[in-house]
Amino acid sequence: MTRRRLETVLLHAALLTVALVTLAPLAWMASASFMAPGEANTLPPPLLPRAPTFANYTALFTRLDMWRNFLASAVIAVTATVGSILVNSLAGYAFAKLRFGGRDRLFGSLVVGLVVPAQVAMLPLFLLLRELHLVNTYAGALVPYLASVFGIFLIRQYTLSVPDELLDAARIDGASELQVFRLVALPVIKPILVTLAAFTFLSAWNDFMWPLIILSDSAKHTLPVALANLVGEHVQDTELMMAGSFLTILPALMVFLVFQRTYVRGIMAGGIKG
Amino acid sequence: MSTGCARAQARAGWLFIAPALLLLATFFVLPVVAGLLLSLTDFDLYAVADPGAARFVGLNNFAAVLADDAFWRAFANTLTFVLIGMPLSLAVSLAAALLLDHRRARLRGLFRTVYFVPVVTTLVSVAIVWRYLYHPRYGLLNYGLELLGLGPIDWLGDPRFAMPAIILLAVWKNFGYNMLIFLAGLQTIPDELYEAAAIDGAGPWQRFRHITLPGLAPTALFVGVTTLIGYFQLFAEPYVMTQGGPLGATRSLVLLMYEEGFRWWRMGIASTVAVLLLVITVVAALVQLRLQRRPT
């Protein structure tokens, strides 16, 4: 019995240690963001601010106009999320539940595309968008997040488990295919839509390389791009950089915490079936 | 089902997938194909101004890139990141999943959420945070080492430590994702197997070796290949933390591609690097599928 006790104690010690290591860098970031300029660069490195201050956040929003970047990030991420839900839910549902010639072969060839790194498409995509005058526009920035093979895949796998009888019953009642999708299927697959929405928002919000390439005007930069530029000029201002990092992470963290139940379940389901 | 209904369904099917197909064809398939063509041209700064100035040069770019030390250096750096970072990250993911899956573990949901938090954080932000944690003088990591009587290590300034430092960050950032998938995999292994093994007198290690590991094989295959593909795309960490330095020790293939394409506007050369990255990724994924499918 004592051995069992010891095992349980060790198990929880391990669980707590991992949690501590996971959270420590983020906790330090949050703490340092409230320190006075220069305070973080003293010895021994302080863990908590001596006199917490909002000065770094004020500087970000007034002196450095970061609110513009916050806005750019929000516009791109929200539009990408809405667009992705529309486009990918229609396609994922069709691949799962509507019979048409060549469907499964087409889906198979889409899945092959998952192996292709997005970076391979980036150079020509940039040149293409330049021809379309979409460089340095939000439209150009959100193009890659709209249709996604992963999104279609996610929706299709989930929709496969919706019983056909449910859809056929609506058809017999005279519903059009669009009505069947909107009124019968959508409410049933809502959990996976939430997963996809959270997933798209987080990818668009956190993405770095594509906005770095496509947005040249610093007022239009998303937060990660603005932050990467800021670290070049303000590398000595640890506290300011931590405030900027925290500001960038916070919306992503909040979206995750609000939707975490469905989001986590979606990832676990996707992994198993994939 | 009547034929009219079937026809309506087929029409609806094509209409429903049309927006997605159109977007993917225009903004993904077309660029990938164009990238292959671009790698066969001398598309450079002049061609950016006037695309007509680009000329077909056959495989010259490939010959040039493959003869360039900078490419092989970036290849070696990326391979180091993949070959050390991926197994390490998978091991941590599996260990965390096993801890969470333990029958007597309390507060599982809370721990699971906490472990997943780094995954949803912004890579650029955490790369900046870790850059300060790695600071040779004021960084908490070196402070901790000093308390243990070790260091100080110039993590990001020393060519020997810069890549390990980036790997450490990547493992911390990513382990939660695969942990979830392993956790889902663990839950598909029936409890009766463990109970039967326990009755037969199998110890914890034997149960892990002969029930858990084989039971996780399909999950490990999925996780292994997706992680491999993701790790070959290393970019933001070196961009933010080291700019590829010190002495090129952290310049990855994608960073090389970015610099060639968008700093020097040598689009032909950059596309060649991109095509080689695609080839390397596909070959690596196939090799891994072969290795993991082999019954153990």
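Keep in mind that what you see is a predicted model, and the values were worked out from it rather than measured. As a convention, each chain's residues are numbered from 1 in the sequence order in which they are written. Written order decides the labels, with chains lettered from A and ligands numbered from 1. Reporting in this predicted model follows two pLDDT cut-offs: at least 70 for local features of residues, and 80 or more for side-chain atom pairs to be given and counted; totals over whole chains, interfaces and linings ignore these cut-offs and use all residues.

**Here we look at the overall build of chain A**
This is how the line gets drawn: The secondary structure listing takes helices from DSSP runs of H or I that are at least 4 residues long and strands from runs of E that are at least 2 residues long, numbered from the N terminus. In this treatment the radius of gyration is a C-alpha quantity, and the globule benchmark scales as 2.2 Å times the residue count to the 0.38 power. As a rule, residues whose C-beta atom has 12 or fewer other C-beta atoms within 10 Å are exposed, those with 20 or more are buried, and those in between are partly exposed; C-beta atoms are placed from the backbone.
When its secondary structure is counted, chain A shows 13 helices and zero strands. Along chain A, helices and strands appear, N-terminal first, in the series α-α-α-α-α-α-α-α-α-α-α-α-α. Here chain A has a C-alpha radius of gyration of 23 Å; the compact-globule value for 274 residues is 19 Å, and the former is much larger. Each of the three principal axes of chain A carries a C-alpha extent, and together these read 75 × 70 × 35 Å. Evaluated residue by residue, chain A yields a buried proportion of 45% over its 274 residues.

**Digging into the overall build of chain B**
Defined as follows: We call two residues in contact when their backbone-placed C-beta atoms lie within 7 Å.
When its secondary structure is counted, chain B shows 13 helices and zero strands. Viewed in the frame of its principal axes, chain B has a C-alpha envelope of about 80 × 75 × 35 Å. The proportion of buried residues among the 296 residues of chain B is 40%. In chain B, the share of contacts with a sequence separation of at least 24, taken over all contacts with a separation of at least 6, comes to 67%.

**A closer look at the interface of chain B and chain A**
With 77 residues of chain B at the contact, the number on the chain A side is 73 residues. The element contributing the most residues to the side of chain B that touches chain A is helix 1 (residues 3-38) of chain B, with 21 residues.

**Some words on the confidence of the model for chain B**
Residue and element names in this part refer to chain B. Heads up, the condition is: A score from 0 to 100, pLDDT tells how confident the predictor is in each residue.
Averaged over chain B, the pLDDT score is 91; the fraction of residues at 70 or greater is 98%. Per-element confidence in chain B is highest for helix 4 (residues 69-101), whose mean pLDDT is 96, and lowest for helix 2 (residues 45-49), whose mean pLDDT is 83. Across the whole predicted complex the pTM is 0.92, and at the interface the ipTM reaches 0.92.

**Describing the packing of helix 10 (residues 204-231) of chain B against helix 13 (residues 267-293) of chain B**
If you want to describe how two helices pack, look at the angle between their axes and the distance between the axes. Residues and elements named next belong to chain B. Our working definition: Orientation is described by axes fitted as lines to C-alpha atoms, over the contacting stretch for helices, and by angles from 0 to 180 degrees between their N-to-C directions. Roughly parallel covers angles under 35 degrees, roughly antiparallel covers those over 145, roughly perpendicular covers 65 to 115, and oblique covers all other angles. Each crossing gets its handedness from the near helix: less than a right angle anticlockwise from the far helix is left-handed, clockwise is right-handed. Polar here means any residue outside two lists: the nonpolar Ala, Val, Leu, Ile, Met, Phe, Trp, Tyr, Cys and Pro, and the charged Asp, Glu, Lys and Arg; Gly therefore counts as polar.
Two numbers describe how helix 10 lies on helix 13: the axes approach to 10 Å, and their chain directions differ by 160°. Here helix 13 runs roughly antiparallel to helix 10, going by the angle between their axes. The two elements helix 10 and helix 13 cross, and the hand of that crossing is right-handed. Residue-level inspection shows Ala220, Leu221, Gly224, Val225, Leu228 and Ile229 of helix 10 in contact with helix 13, the latter providing Thr281, Ala284, Ala285, Gln288, Leu289 and Gln292. Split into classes, the residues belonging to the contact of helix 10 with helix 13 amount to eight nonpolar, four polar and no charged.

**Let's talk about the environment of Leu106 of chain A**
All names here are of chain A. In this structure, Leu106 sits in helix 4 (residues 103-112). Judged by C-beta crowding, with 13 C-beta atoms within 10 Å, Leu106 ranks as partly exposed. Along the chain, Leu106 and Leu10 lie 96 residues apart, while their C-alpha atoms are 51 Å from each other.

**Some thoughts on helix 12 (residues 253-263) of chain B**
Counting buried positions over the eleven residues of helix 12 of chain B gives eight, a clear majority of the element. Buried residues in helix 12 of chain B make contact with helix 5 (119-131) of chain A together with helix 4, helix 11 (236-241) and helix 13 of chain B. One or two steps after helix 12 of chain B, the chain reaches Trp265 of chain B, where phi turns positive at roughly 55°.

**So, the packing of helix 1 (residues 2-32) of chain A against helix 5 (residues 108-120) of chain B**
In the contact formed by helix 1 of chain A and helix 5 of chain B, the axes pass within 9 Å of each other and the chain directions differ by 35°. For helix 1 of chain A against helix 5 of chain B, the interelement crossing comes out left-handed. For the pair formed by helix 1 of chain A and helix 5 of chain B, the contact residues are Leu15, Val18, Ala19, Thr22, Leu23 and Leu26 of chain A on the first element and Phe111, Val114, Tyr115, Val117 and Pro118 of chain B on the second. Counted by class, the contact of helix 1 of chain A with helix 5 of chain B contains ten nonpolar, one polar and no charged residues.

**As for the environment of Phe75 of chain B**
Among the structural elements, Phe75 of chain B can be located in helix 4. Put simply, Phe75 of chain B and Leu276 of chain B are 201 residues apart on the chain and 9.9 Å apart in space, counted from C-alpha to C-alpha.

**Here's the deal with unusual backbone geometry**
Going from Leu43 of chain A to Pro44 of chain A, the amide bond is cis rather than trans, its omega being -10°. Following Gly245 of chain B, the chain continues to Pro246 of chain B via a peptide bond in cis, the omega torsion being -10°. Residue placement: Pro246 of chain B occurs in the loop between helix 11 and helix 12. Of note, Gln243 of chain B is a non-glycine position whose phi angle comes to about 50°, a positive value.

**Things to note about the environment of Lys190 of chain A**
One can find Lys190 of chain A in helix 10 (residues 190-206). A sequence separation of 107 residues divides Lys190 of chain A from Gly83 of chain A, and the C-alpha atoms of the two residues are 16 Å apart.

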